[in-house]
Amino acid sequence: MQGRPRAPNAHLEDYAAVGLGLLALYQVTFEPRWLRASIDMAETLRRDFSDPAHGGFFQTGADHEALIARRKDFVDSAVPAGNSLAAELLLRPRCCWIAPIRPEEQGCWA
């Protein structure tokens, strides 16, 4: 095997939960690296999981193995749905008055 081994494909819930954890680290430590990492995670969600045609986020990323259909889960149970976590990750920085790191964002992730 040449090169680096490929990382396993994570699901929407994984990326969103890690992004929220990174944001929580920033809120406790105020170290910009955690905010940057959270923003990067949110950008990955938008790039790889979003459904621009119908809204929401797919459970699997665009580079995931081919499936018959890409599923979207909107119902929370004992574990929050990936779309709920993704919405929180994308909205919490704006609700908590956390300033953007990148100048081109100018306070808006939309």
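Just so we're clear, the structure is a prediction, and the values are computed from it rather than from any experiment. (Residues numbered from 1 in each chain as written. Predicted model: local features only at pLDDT ≥ 70, side-chain atom pairs only at ≥ 80, totals over all residues. Heavy atoms only, no water.)

Asks: Where do I start with the pattern of salt bridges in this structure?
Replies: Proximity of charged atoms lets side chains of opposite charge pair with each other. In total, this model carries four salt bridges according to the counting rule given. A salt bridge links D48 to R47; the nearest nitrogen and oxygen atoms lie 3.0 Å apart. When its relative accessible area of 58% is taken as the criterion, R47 is described as exposed. Of the charged contacts in the structure, one is a salt bridge between R92 and E88, with a shortest N-O distance of 2.2 Å. One end of the pair is R92 and the other is E88, both in helix α3 (residues 82–95) and four residues apart, which spans about a single turn. For E88, a relative accessible area of 32% translates into the label partly exposed. (Salt bridge = Lys/Arg side-chain N within 4 Å of Asp/Glu carboxyl O. Buried < 20%, exposed > 50% of the residue type's maximum accessible area, 1.4 Å probe, protein only. Helix = DSSP H or I, 4+ residues; strand = E, 2+ residues; numbered from the N terminus.)

Asks: Please explain helix α1 (residues 12–29) as it appears in this structure.
Replies: Two residues of an α-helix separated by three or four positions point the same way, owing to the 3.6 residues in each turn. Look at α1: 26 Å from first C-alpha to last across 18 residues, which is about the 26 Å you get at 1.5 Å a residue. Taken as a whole, α1 has its buried residues at L12, A16, G19, L20, L22, L23 and Y26. Seen along its axis, α1 keeps its buried residues to an arc of 160°; they face one direction. Of the residues trailing α1, F30 is marked for its positive phi of about 60°. (Expected span 1.5 Å × (residues − 1). Arc of directions from axis to C-beta.)

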